[in-house]
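Listed below are the residues making up each chain.
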Amino acid sequence: MMKKMSISTSKTSLVLFLCQIISALDVPLDSKLLEELSQPPTITQQSPKDYIVDPRENIVIQCEAKGKPPPSFSWTRNGTHFDIDKDAQVTMKPNSGTLVINIMNGGKAEAYEGVYQCTARNERGAAISNNIIVRPSRSPLWTKEKLEPNHVREGDSLVLHCRPPVGLPPPIIFWMDNAFQRLPQSERVSQGLNGDLYFSNVQPEDTREDYICYARFNHTQTIQQKQPISVKVFSMDSLNDTIAANLSDTDIFGAKPVTERQPVLLTPTGSTSTKVELRGNVLLLECIAAGLPTPVIRWIKEGGELPANRTFFENFKKTLKIIDVSEADSGNYKCIARNALGSVHHVISVTVKAAPYWITAPRNLVLSPGEDGTLICRANGNPKPSISWLANGVPIAIAPEDPSRKVDGDTIIFSHVQERSSAVYQCNASNEYGYLLANAFVNVLAEPPRILTPANKLYQVIADSPALLDCAYFGSPKPEIEWFKGVKGSILRGNEYVFHDNGTLEIPVAQKNNAGTYTCVARNKLGKIQNEVQLEIKDPTMIIKQPEYKVIQRYGQVSFECIIKHDSTLLPTVTWLKDNDELPDDERFLVGKDNLTIMNVTDKDDGTYTCIVNTTLDSVSASAVLTVVARPNPPFDLELTGQLERSIDLSWLPGDENNSPITSFVIEFEDALHEPGVWRYQTEVPGSQTTAQLKLSPYVNYSFRVIAVNRIGRSQPSEPSEQYLTKSASPDENPANVQGIGSEPDNLVITWEPLKGFQSNGPGLQYKVSWRQKDVDDEWTSVIVANVSKYIVSGTPTFVPYEVKVQALNDLGYAPEPSEVIGHSGEDLPMVAPGNVQVHVINSTLAKVHWDPVPLKSVRGHLQGYKVYYWKVQSLSRRSRRHVEKKILTFRGNKTFGMLPGLEPYSSYKLNVRVVNGKGEGPASPDKVFKTPEGVPSSPSFLKITNPTLDSLTLEWGSPTHPNGVLTSYTLKFQPINNTHELGPLVEIRIPANESSLILKNLNYSTRYKFYFNAQTSVGSGSQITEEAVTIMDEAMASRQVDIATQGWFIGLMCAVALLILILLIVCFIRRNKGGKYPVKEKEDAHADPEIQPMKEDDGTFGEYRSLESDAEDHKPLKKGSRTPSDRTVKKEDSDDSLVDYGEGVNGQFNEDGSFIGQYSGKKEKEPAEGNESSEAPSPVNAMNSFV
């Protein structure tokens, strides 16, 4: 079974299973190997060099070591052997060198103070620990002392000394009162590094009797307390009062105020001082100054800058703190204390010394017999440390001789070592500030090669990533490593491979073809060994659709996609993070297979969402930002400034814009005086502006509010501003839309739009209404009315012009002089009818009428136009009267002619003309009679085909509904239709006008015929109707046909077909009925009316009209699927034009010049096709009827 191991694609360094890096041979940290190999002792754990212990607890001095065979331990105390067997209070832990000194059962810690050192020894050498100085901690009590009260004059400086007892380690100092409350500190009062409490200047509030210094000893967890110190501050006034009472009006001090003083340093004293600090420690420099006002402290470094990122100011800048100091921090540091009266400074010369520190510490050395090696021990410090060597804990000068060893200062050189050369060497680097001690062994081993990597280990890596194949090995001498691809492959060489010293084979960019078995071979002079490992290459995991940046409104829903592609043998896991942390535990977050959905989005959902896809071999991620936007929060903190009579400044603070920039602010106002509770628009300013100067009207009690607007919408209004009432003034404007229109012949109604409340500018709003007759030298007549919107002037002449004006006024005065408008008194009905009415008949359906205009004075109002009433008296062809239906055409303006379209041919008409004003119509002109000539007739009212036989058909028809003249004859045309719907030769027959039926003989049997039938007058042929019929095959067939046609199933089938055809016809009719506009002339050309000729515009050219039916349907043979009545009668379409359906108002519509805009409708069949022209399929309904 192969053991799997994954190599992360992000791994760029080798996994080296090494003990420590040395120049010769590495010993892997393999537990099985370490159990088999001999190894000198190594100290693994020891107590600190300066070891302060709690005297109330047992003392534990640690010393742990490892080696093969396991080492034994011994101790020295103060430089001599420490025999632990002779001291019952001292024991050593089993399999360890750690000492336990029993203090809790009668021992005293002071008896065991001293310098201890541990030695760990086995057959291959001896390692030693540091010198461990053991000292018990001390927390002595304060010495008894008598503390005198401190009497201080106000403004003087004061130092309260703490002087804590010397402890081990030093205590932590702080000041408190009797209630165990810390005393407040400030720039004026602060604690120094030595624990003293400094007052730069005292104030009366500093008087108290419980200034207590505390010392906390952390090792023993005890706190020691100094006796309370009393401070009493005397002001100059109180001191004078006391002296005056005691010395009888003798004034010693005078009435001087507290004297201000320039700064004086309390600590350190003098102008210069020195400070020594060790490298790596924290440097603390302090300056505390007295003075009134309280001085301010500033720090500088002479000739340089304070180190950035390592400099801190504490205790109100009185303490300069520099961490991790180095030799470069040596120099002069100046503190400057300054107040309004002057300054003082102090220079501290800082020298940074250094205890020894390692440059190169000696490292363990594993050699094979005959090899060479070196141990190097290099350290630095200030002053420069000295280097000394020991071998197995003994100074090397007196240690046993070893011919393979040579000491050269800080280096020991080994040449041609043998197994007896194994030993532990100690390097000691020391100066006056401390020492360093390091153990490093030399272990000489002779071992055949061993491969520590498990056999057949499986490595899986992602394509295009590095592949690292381990071959952890050991041997002495150091084995050589070779790699092969496959069991019998050639040795691997070339730039595509990297061979590491620890045996690892690296393929920097692994591809699919690198998969397979690899063999590692290790050999030295003592033997050879090999091992196989397996390499598999996997496809990388990819996010093929990454989450995208989203902007969503609050309470909306948003989804992030994360669609992945991965190797089929790897199982990916998808994790979503928000701002690099887990998703909130909220049911609104729905994690799907390849998406994250957030329901009911809130502001806290704003952030970066990351999709992380992990497999056992690789990890990929993609992120997207979600921005939650919403309408802005309302502005707040509205403030009114700069109040003037006609303007004011408004300022505000914008609310949160909720991730969508504010584009503008809308300002509204409320007039609490005239319209309380009604907010009106005032102005709008850009979103970058938070102030606005607003124009004001007089006599308005203003409140303002602001609304913020962003791309999402408008915020809630802000809270209203304070109210501002403007002063009253006379009106600035007059009413608008002033009109003068009479409602009766003897009055004038003056109307206007009243001013709104805030336009009144003051109380007592009224209107001054003035009028006078125009073009007459009259004075203005004026009245003052209340706040209304009209005034009626009575007793005026009929329809005369007036000049009218309306002026606003209030209690403070009049508005500016208003402008004048022209109005008219009331109208009356016209008095005179139009004269000289003439009619010119243009054709059988169109006539032109002329008249003379009436005098304008007789109109007695605004001339609106003329109306022409006309009606048909009788038809000349029938000589019969019918109900008279009058039609009306209105011609706007001062028009004196017009066109009368839509007349019926061969008819007698009457008309009259009337003038129209705003009041109504005047008297009618005398009736004028005119007649229309003959026209072409309408189509015959019906056409029936009956009695089909083998060779004959009977035709019956009705005369045209509108003959439009005297009928002269009928024309019948017919032609056969074959089975392919082709038309045969056309036959034409002329029939006298007095006939109503015809039997056609000599027809072909079982043949379908199509018939075209129309009527004629002397003017021409009318529109035609069509019909189809079939002759029968024989009498038996006719009988069978009758029988089939009466069967229920056949009738149902035919009904279904008829219903389907009806639906199709309705759809077709609707689509064609949409129609379009086209000139009347085209329609007339389509009707081919010889009497209707084109007319010029001056003569009343017709406008455009909308067709009711498409001409495409006209002039075609009857289509397949068209309906005919069950009695085979085709009813005539009524083609008469009706002016009732058109025109202005109810009766007609006209252009501005008075010409009529109407519609014509009518259907006209095409002339029958000659010869064998193509025709559409016959109607199935007609086919059915032909069998009946």
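Residues numbered from 1 in each chain as written. Predicted model: local features only at pLDDT ≥ 70, side-chain atom pairs only at ≥ 80, totals over all residues. Heavy atoms only, no water.

(A) Quick look at the nonpolar core. Ranked by internal contacts, the top residues of the largest apolar core, which has 30 residues, are Ile59, Ile61, Trp75, Ile101, Tyr116 and Val134. Per-element accounting of this core gives the leading share, three residues, to strand β10 (residues 114–122). Not counting residues within four places of it along the chain, the set of residues in contact with valine 134 comprises Tyr51, Val53, Ile59, Ile61, Tyr112, Glu113, Gly114 and Tyr116. With 20 residues, the next largest nonpolar core counts Ile648, Ala692, Tyr702 and Ala708 among its residues. (Core = buried A, V, L, I, M, F, W, Y, C linked by side-chain atoms within 4.5 Å. Buried < 20%, exposed > 50% of the residue type's maximum accessible area, 1.4 Å probe, protein only. Helix = DSSP H or I, 4+ residues; strand = E, 2+ residues; numbered from the N terminus. Contact = heavy atoms within 4.5 Å.)

(B) Structural view of the sheet that holds strand β64 (residues 724–725). Strands sit in the order β61-β60-β63-β64 across an open sheet of four strands; the sheet is antiparallel. Each edge of the open sheet is held by one strand with a lone partner, namely β61 (675–686) and β64. In this structure, strand β60 (residues 662–671) lies alongside β61, joined through eight bridges in antiparallel fashion. Counterpart to valine 666 in the pairing with β61 is glutamate 684. (Pairing = 2+ DSSP bridges.)

(C) Region of the structure containing the pattern of salt bridges. Scanning the model with the defined rule gives 39 salt bridges in all. In this structure, aspartate 579 engages lysine 578 in a salt bridge whose closest nitrogen and oxygen atoms are separated by 3.1 Å. The exposure class of lysine 578 is buried, given its relative accessible area of 12%. In this structure, arginine 714 and glutamate 668 form a salt bridge, with 3.8 Å as the shortest nitrogen-oxygen distance. (Salt bridge = Lys/Arg side-chain N within 4 Å of Asp/Glu carboxyl O.)

(D) Representation of a nonpolar patch on the surface in the model. Together, Leu1059, Leu1062, Ile1063, Ile1066, Val1067, Phe1069 and Ile1070 make up an exposed nonpolar region whose accessible area comes to about 620 Å². Within the secondary structure, phenylalanine 1069 is located in helix α5 (residues 1048–1073). With a relative accessible area of 43%, phenylalanine 1069 lands in the partly exposed category. (Patch = residues over 30% accessible without salt bridge, like charges linked within 9 Å, V, L, I, M, F, W, Y side chains within 5 Å. Areas by Shrake-Rupley, 256 points an atom, 1.4 Å probe, with all protein chains shown as cover.)

(E) Here's a closer look at the packing of aromatic side chains. Under the criterion given, the structure shown has 22 aromatic pairs. Taking 5.9 Å as the distance between ring centres and 50 degrees as the angle between the ring planes, the aromatic pair formed by tryptophan 851 and phenylalanine 891 counts as tilted. Residue tryptophan 851 is found in strand β74 (residues 846–852), and its partner phenylalanine 891 is found in strand β77 (residues 887–892); the two are separated by 40 residues along the sequence. Taken individually, tryptophan 851 and phenylalanine 891 each receive the classification buried, so the pair is uniform in this respect. Summarising the aromatic geometry, the rings of phenylalanine 974 and tyrosine 1009 are spaced 6.2 Å apart at their centres and angled 65 degrees between planes, so their arrangement reads as edge-to-face. Of this pair, phenylalanine 974 sits in strand β83 (residues 967–977) while tyrosine 1009 sits in strand β86 (residues 1008–1017), placing them 35 residues apart in sequence. Under the relative-accessibility criterion, phenylalanine 974 is labelled buried at 8%. Here a set of aromatic residues connected by ring pairs shows up, and it is made of Phe174, Phe180 and Tyr214. Looking at arginine 77, its charged tip hangs above the ring of phenylalanine 82, at a distance of 5.9 Å from the centre. (Phe/Tyr/Trp six-rings, centres within 6.5 Å; stacked < 30°, edge-to-face > 60°. Lys NZ or Arg CZ within 6 Å of the ring centre and 35° of its normal.)

(F) Fine view of the confidence of the model for the protein. Per-chain confidence: the protein averages 84 in pLDDT, with 84% of residues scoring 70 or above. Considering only residues more than four positions removed or in separate chains, one finds that residues 1037–1042, a stretch of pLDDT under 50, has four contacts. Low pLDDT, under 50, characterises residues 1075–1188; the stretch is placed with 250 contacts to residues that sit more than four places away or in other chains. (pLDDT = per-residue confidence, 0-100.)

(G) Representation of the state of the cysteines. A full pass over the atoms with the stated rule returns six disulfides. The disulfide partner of cysteine 63 is cysteine 118, and the gap between their sulfur atoms is 2.0 Å. Residues cysteine 63 and cysteine 118 are joined by a disulfide whose S-S torsion is about -75 degrees; by sign, that bridge is left-handed. Here cysteine 63, found in strand β5 (residues 63–68), pairs with cysteine 118, found in strand β10; they are 55 residues apart in sequence, far enough to count as distant. We classify cysteine 118 as buried; its relative accessible area is 0%. Two residues, cysteine 287 and cysteine 335, share a disulfide whose sulfurs are 1.8 Å apart. (Disulfide = S-S within 2.5 Å.)

(H) Looking closely at the sheet that holds strand β31 (residues 373–376). Strands sit in the order β31-β36-β35 across an open sheet of three strands; the sheet is antiparallel. Edge strands, defined here as strands with exactly one partner in the open sheet, are β31 and β35 (405–408). Strand-to-strand twist in this sheet, taken as the mean axis angle between neighbours without regard to direction, amounts to 20 degrees. Bridging between β35 and strand β36 (residues 411–414) involves four bridges; their strand directions are antiparallel. (Axes fitted to C-alpha atoms, helices over the stretch in contact; angles between N-to-C directions.)

(I) Main features of the pairing of strand β66 (residues 747–753). The element β66 is largely enclosed, with a buried count of five among its seven residues. The pairing of strand β65 (residues 736–741) with β66 spans four bridges and is classified as antiparallel. Its bridge partner lying in β66, glycine 740 is registered against isoleucine 750. Examined bridge by bridge, β66 and strand β69 (residues 790–794) share five bridges and lie antiparallel to one another. Looking at β69, one finds that threonine 751 is bridged to lysine 790.

(J) Just unusual backbone geometry, in detail. Proline 293 follows leucine 292 through a cis peptide bond whose omega is 5 degrees. Within the secondary structure layout, proline 293 lies in the loop between β24 (288–292) and β25 (296–301). Cis geometry is found at the peptide bond from asparagine 382 to proline 383, where omega equals 5 degrees. Among the structural elements, proline 383 can be located in the loop between β32 (378–382) and β33 (386–391). Despite not being glycine, asparagine 392 shows a phi value in the positive range, around 55 degrees. Mapped onto the elements, asparagine 392 comes out in the loop between β33 and β34 (394–395). The class of asparagine 392 is partly exposed, set by a relative accessible area of 24%.

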